[in-house]
Amino acid sequence: MKSFKAYFKKEITEAIRTYKYLVLFFGFIFWPAMLGPMMLKLLPLILKNYMPAETMQLFSDFTRDYAFQSFLSDSFQFMLAFMAFVLMGLLANEVRLKRLVFPYSRGADPEGVVLAKYIHYAITVSLFILIAFFIDYLYVDRFFTGGILSLKILFESSLLYILYFCTLLSILLYLSSLFRRGLAAGFTVLILGFSLSIFNQFDTIKAYFPNYLILKAADIGHVFDSSLIPAIIISFCLIILFVFLSVLRMKKIDVA
Amino acid sequence: MLKRVINITPIDINFMTSTILSMLPFIIPLLIIEYGLMIFALVQAARNEVAYLPKWAWILIIVFFSIVGPIVFLIIGKKKETENND
Amino acid sequence: MIKVVDLKKNYGRVEALKSISFEVEKGSVFGFIGRNGAGKTTTMNILTGLIKFNDGKIIIKGKDFQENKQEVLKSIGYLPETPTFYDYMNAYEYLRFIGEIISYEGKNVSKLLEMVKLAKHKKKRIGAYSRGMKQRLALAAAFMGNPEILFLDEPASALDPEGRMEMLELIEGLKNEKITIFLSTHILNDAERVCNKICIIDEGKILLTENLSQLYKSYIQPIFDVEFEEDPTDKIDLLKKPEWVENIKENGRKISIYVKDLDYAKKEILKELSKLNTSVVSYQIRKSTLEDIFMRMVKQK
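Quick notes on the rules
Residues numbered from 1 in each chain as written. Chains lettered and ligands numbered in written order. Predicted model: local features only at pLDDT ≥ 70, side-chain atom pairs only at ≥ 80, totals over all residues. Heavy atoms only, no water. Helix = DSSP H or I, 4+ residues; strand = E, 2+ residues; numbered from the N terminus. Rg over C-alpha atoms; globule rule 2.2 N^0.38 Å. Contact = heavy atoms within 4.5 Å. Areas by Shrake-Rupley, 256 points an atom, 1.4 Å probe, with all protein chains shown as cover. Lys, Arg positive; Asp, Glu negative; His and termini not counted. Charge placed at Lys NZ, Arg CZ, Asp CG, Glu CD. Pairing = 2+ DSSP bridges. Axes fitted to C-alpha atoms, helices over the stretch in contact; angles between N-to-C directions. Phe/Tyr/Trp six-rings, centres within 6.5 Å; stacked < 30°, edge-to-face > 60°. Lys NZ or Arg CZ within 6 Å of the ring centre and 35° of its normal. Salt bridge = Lys/Arg side-chain N within 4 Å of Asp/Glu carboxyl O. Patch = residues over 30% accessible without salt bridge, like charges linked within 9 Å, V, L, I, M, F, W, Y side chains within 5 Å. Buried area = accessible area lost by both parts, 1.4 Å probe. Polar contact = N/O pair within 3.5 Å; in protein donor to acceptor, adjacent residues only side chain to side chain. pLDDT = per-residue confidence, 0-100. Parallel < 35°, antiparallel > 145°, perpendicular 65-115°, else oblique. Nonpolar A, V, L, I, M, F, W, Y, C, P; charged D, E, K, R; others polar. Left-handed = near helix turned anticlockwise from the far one by under 90°.

### Describing the overall build of chain C
Scanning chain C for helices and strands turns up 11 helices and 14 strands. The C-alpha radius of gyration computed for chain C amounts to 25 Å, which surpasses the reference 19 Å derived for 301 residues by more than 25%, pointing to a less compact arrangement than a globule. Considering only C-alpha atoms, chain C reaches an extent of 75 × 45 × 35 Å along its principal axes. Of all intrachain contacts in chain C linking residues separated by at least 6 positions in sequence, the fraction that spans at least 24 positions is 66%. Element-wise, carbon and sulfur atoms account for 46% of the exposed surface of chain C, whose accessible area totals about 14600 Å². Looking at charge distribution, chain C has the averaged site of its 49 positive side-chain charges lying 5 Å from that of its 44 negative ones.

Rendered as structure tokens:
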């Protein structure tokens, strides 16, 4: 518990001083939620005179729903890439740069260290996702009309995104304890995040993979339904499994 | 098809400016954040030791690649002293 | 206090520690000496719970170390050879951070900074500290909460002469406070000055463990160094006559006489020298320094 508190505070200090919050803000909020809708609105205006009228017809009827779905697919890519590369050194750097020598030699417990890291960044990522979704709603609602998008739908989608990214965060945490270089963990998670979407093509099994959460988040009108249950249960199990594996790994690893 | 390129009618321009004007309250925060980040990164680059590239190169990157430049600089550009201790 | 039995550690195929055993008494300063790469740091990393070991038993404060690791570590402080910190913190924040892990009162941190002469720099980022400042901060972190056992890995080798003196004085001070100190070094003068007991390790094997005073007695060499005013070459044959003289080595005006029986030679040698009828400038029994002993031990192998 003492190690948990010490490390939780340390993670906050570190995230501020090494600009992790700042960079995550740009990847999670600024780009997909602010710049994204803006580009979607301005693009037809800019292209208007370079395109045949028939093609322009496609752009003219963007609804709020379409704009939100466009945000969802943008933010999935941005959030995945930024999370993977900002947080890839979560445990790898601690070990490689021998930062754990003092804490471990003074009896810091690995459970506390790993849990503090996971919980801190799970909260950070969740908050950033929530904020991104609500800011996007502000922009989408202002720039576009039509569709059935509501705050309730938006909130439900954001919860699915939060669960998905917390699951990937636990995998990133474990890989970061496994590899000496964070970059390897970052790339693996990035590839994993994108490649798991392939299963969304197979109707019979797609509901059993975390990426189904992302698919359902864009299903405006029926975001929450019973088909989500397996993916939600599996995601929670994965989180517990990977956090547990990370603790085990950090107990056994040589830190000097 | 190419002829259309120069076919901007006064009505079009009117429409464009009015749309952009109506978006201003949303564009301004974006610009503030963008330039805020750039200035912040420039100050950091000026006051700290930088890694991998000479300082002037980083400053060019920060100024000419909006958002991406400053972020890349903040993640990898600042020198970490103890990293090369052993 | 610390008992190590048949400790083994392999890095892949390389045997870093080949079954070492030793014991450290409570309140003593245990000097662990050896060349670079002899296995000193490996041993200390194992005893502070930072790395695993392959075989053997470690008992600290009467408890099996592996089974009570977290608990035992609470009473241990470790000063690593190249200490690393979170560079973006300042000294005060870092000590508060470590203090939180071992439940050390936050208000005492300032005193600790004063003790290691970092109070002035406590608001500066650790990343901008000099090597010596980092070493002092590391000492504060290791010493926080008055641990019963202190592991110091080459505490003085990175410091300037003044810092080194201060460090040695500090260790001597700790000795009086009944803190058990496990000190690794390759600077033999330092070990000679502060240690009670010496343990020599080479290539992952312990060559000897002995009290320092005992060590001098058993390793005193039966050699007399004599210096003449003029080159004594033509007269040396005379000195070789007595049967207790084993060998004589010449080096200009100086000669070294190796004898078979030290106590007998002490009485006889002056008589022999006087027979030469030449001027003797100096005469002494060669005293072994830790350095001589170390070199002999390492070479014998």
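### Things to note about the overall build of chain B
Each helix and strand counted, chain B has 3 helices and 0 strands in total. Helices (α) and strands (β) of chain B occur, in sequence order from the N terminus, as α-α-α. Across chain B, contacts joining residues at least 24 apart in sequence account for 55% of those joining residues at least 6 apart. Roughly 5900 Å² of accessible area belongs to chain B as shown, and the carbon and sulfur atoms make up 71% of that amount.

### Thoughts on the sheet that holds strand β6 (residues 76–79) of chain C
All names here are of chain C. With respect to topology, 6 strands assemble into an open sheet ordered β6-β7-β8-β3-β9-β10, the strand pairing being mixed. At either margin of the open sheet sits one strand with a lone partner, and together these are β6 and β10 (205–211). Put simply, the sheet's adjacent strands are angled 15° from each other on average, direction ignored. Where β6 lies against strand β7 (residues 149–153), 4 bridges are found, and the strand directions are parallel. From the neighbouring strand, G77 faces β7, where its bridge partner is L150.

### Focus: the pairing of strand β13 (residues 254–259) of chain C
Residue and element names in this part refer to chain C. The pairing of strand β11 (residues 223–228) with β13 spans 5 bridges and is classified as antiparallel. By the bridge assignment, V226 is partnered in β13 with I255. Sheet topology places strand β12 (residues 245–251) next to β13; 6 bridges connect them, and they run antiparallel. Looking across to β13, one finds that I248 is bridged to I257. Hairpin geometry of β12 and β13 is characterised by an intervening segment of 2 residues between the two adjacent antiparallel strands and by a positive phi of about 65° at G252.

### What to know about the environment of E156 of chain A
All names here are of chain A. Inspection of the secondary structure assignment puts E156 in helix α8 (residues 151–178). C-alpha of E156 to C-alpha of V223: the two residues are 67 residues apart in sequence and 6.6 Å apart in space. Ignoring sequence-local partners within four residues, the contact set of E156 consists of V223 and F224.

### A look at the packing of aromatic side chains
Two aromatic rings, taken as a pair, are described by how far apart their centres are and by the angle between their planes. Enumeration over the complete set of coordinates arrives at 46 aromatic pairs over all chains. Taken together, the aromatic side chains of F28, F68, F71, F76, F128, F133, Y161, Y164, F165 and F194 of chain A make up a single cluster linked through ring pairs. Of note, K122 of chain C hangs over the ring of Y92 of chain C, and the distance from its end group to the ring centre comes to 5.5 Å.

### Observations concerning the pattern of salt bridges
Applying the stated criterion across every chain, the model contains 31 salt bridges over all chains. When salt bridges that share partners are traced, they join K10, E11, E14, K20, E94 and K117 of chain A into one network.

### A few points about a negative patch on the surface
Together, E229, E230, D231, D234, D237 and E250 of chain C give the surface a local cluster of negative charge. Relative to the elements of secondary structure, D234 of chain C occurs in the loop between β11 and α9 (236–239).

### Some remarks on the interface of chain C and chain A
Taken together, the contacts link 35 residues of chain C with 31 residues of chain A. Buried surface at the junction of chain C and chain A, both sides included, amounts to about 2800 Å², of which 55% is carbon and sulfur. Counting the contacts that link chain C with chain A gives 5 salt bridges. Put simply, E100 of chain C and K9 of chain A hold a salt bridge, and the shortest N to O gap is 3.2 Å. Linking chain C with chain A are 18 residue pairs in polar contact (both at pLDDT 80 or more). For the side of chain C that touches chain A, the secondary-structure elements that each account for two or more residues are α2 (69–73), β6, α3 (91–101) and α5 (131–143) of chain C. The element contributing the most residues to the side of chain C that touches chain A is α3 of chain C, with 6 residues.

### Concerning the confidence of the model for chain C
Residues and elements named next belong to chain C. Here chain C averages 87 in pLDDT, and 99% of its residues register 70 or above. By mean pLDDT, helix α11 (residues 290–300) is the weakest element of chain C at 77, and α3 is the strongest at 94. Scored as a whole, the predicted complex attains pTM 0.86, and scored at its interfaces, ipTM 0.89.

### Things to note about the sheet that holds β13 of chain C
All names here are of chain C. What the 4 strands build is an open sheet, ordered β12-β13-β11-β14; its pairing is antiparallel. Both outer strands of the open sheet, β12 and β14 (280–285), are each paired with one neighbouring strand and no more. Ignoring which end each strand starts from, the neighbouring axes of this sheet average 15° apart. Pairing of β11 with β14, which is carried by 5 bridges, proceeds in the antiparallel orientation. Looking across to β14, one finds that F228 is bridged to V280.

### A few points about the packing of helix α1 (residues 2–17) of chain A against α3 of chain C
Packed helices, taken two at a time, are described by the angle between their axes plus the distance between the axes. Viewed as axis vectors pointing N to C, α1 of chain A and α3 of chain C meet at an angle of 155°, and their least axial separation amounts to 7 Å. In terms of orientation, α1 of chain A lies roughly antiparallel with respect to α3 of chain C. Contacts between α1 of chain A and α3 of chain C pair K2, S3, K5, A6, Y7, K9, K10 and R17 of chain A from the former with E93, F97, E100 and I101 of chain C from the latter. Within the contact of α1 of chain A with α3 of chain C, the residues separate by chemical class into 4 nonpolar, 1 polar and 7 charged.

### Quick look at the confidence of the model for chain B
Residues and elements named next belong to chain B. On average, chain B scores 79 in pLDDT, and the residues at 70 or more come to 77%. Across chain B, element-level confidence peaks in helix α2 (residues 55–64) with a mean pLDDT of 93 and bottoms out in helix α1 (residues 10–47) with 84. Predicted confidence is poor over residues 82–86, with pLDDT under 50, and the contacts of this stretch with residues over four places away or in other chains come to 6 contacts.

### What about the packing of helix α4 (residues 64–87) of chain A against α8 of chain A?
All names here are of chain A. Running from amino to carboxyl end, α4 crosses α8 at an angle of 25°, the nearest separation of the two axes being 11 Å. Overall, the two elements α4 and α8 adopt an arrangement that is roughly parallel. The chirality of how α4 crosses α8 is right-handed. Judged by residue contacts, F68, L72, S73, S75, F76, M79, L80, M83, A84 and L87 of α4 engage L154, S157, Y161, Y164, F165, L168, L169 and L172 from α8. Of the residues belonging to the contact of α4 with α8, the class tally is 15 nonpolar, 3 polar and no charged.

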